[in-house]
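# Topology and contacts: notes
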Amino acid sequence: QVQLVESGGGLVQVGGSLRLSCAVSGRTLSILPMGWFRQAPGKERELVAALGSRGDTTYTDSVKGRFTIYRDNAKNTMYLQMNSLKPEDTAVYYCALKDMVYAREYSYWGQGTQVTVSS
């Protein structure tokens, strides 16, 4: 059974930083594509950052230069480092993992962690 357990969300002031963690069990992260999504109230879920099997990264425009996605293979954990946070970053953040390198969809999801940025 594959499980993704998130941690690291919370309340932070504008300009602050948070690091989200997503511990994975049941699958080995090393080459599987992964991503972080977020969903704000009344908005659709959006892909914030993705890390491909070759280490390639993509970010939505609004977080470029501020967020960094990476993984620690030894800990089988993925992270999202978020700096210079803005009120519009407030959302529930979800980590997700694909089942295969060339999968089109994400198969596994974390439970979500709330990030609130206060002005």
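Structural data are supplied above this passage.
What this report covers is the structure whose coordinates are included nearby. Keep in mind it's a predicted model, so treat the numbers as computed, not measured. (Residues numbered from 1 in each chain as written. Predicted model: local features only at pLDDT ≥ 70, side-chain atom pairs only at ≥ 80, totals over all residues. Heavy atoms only, no water.)

### What about the state of the cysteines?
The full count for this structure, using the stated rule, is 1 disulfide. Two residues, Cys-22 and Cys-95, share a disulfide whose sulfurs are 2.1 Å apart. Of note, the bridge from Cys-22 to Cys-95 carries an S-S torsion of about 60° and is right-handed in sense. A residue pair is termed long-range when its members are at least 10 positions apart, and Cys-22 in strand 3 (residues 18-25) and Cys-95 in strand 9 (residues 91-97) qualify at 73 residues. (Disulfide = S-S within 2.5 Å. Helix = DSSP H or I, 4+ residues; strand = E, 2+ residues; numbered from the N terminus.)

### Some thoughts on the nonpolar core
In globular proteins that are soluble, nonpolar side chains generally tend to be buried together. Formed by 27 residues in total, the largest nonpolar core has its most connected members in Met-78, Leu-80, Met-82 and Tyr-93. At the level of secondary structure, the elements contributing two or more residues to this core comprise strand 3, strand 4 (34-39), strand 5 (46-51), strand 7 (67-72), strand 8 (77-82), strand 9 and strand 11 (113-118). Contacts of Tyr-93, omitting those with residues within four sequence positions, involve Glu-6, Leu-20, Phe-37, Arg-38, Val-48, Phe-67, Leu-80, Met-82, Gly-112, Thr-113 and Val-115. (Core = buried A, V, L, I, M, F, W, Y, C linked by side-chain atoms within 4.5 Å. Buried < 20%, exposed > 50% of the residue type's maximum accessible area, 1.4 Å probe, protein only. Contact = heavy atoms within 4.5 Å.)

Any functional reading would require information beyond the geometric quantities listed.
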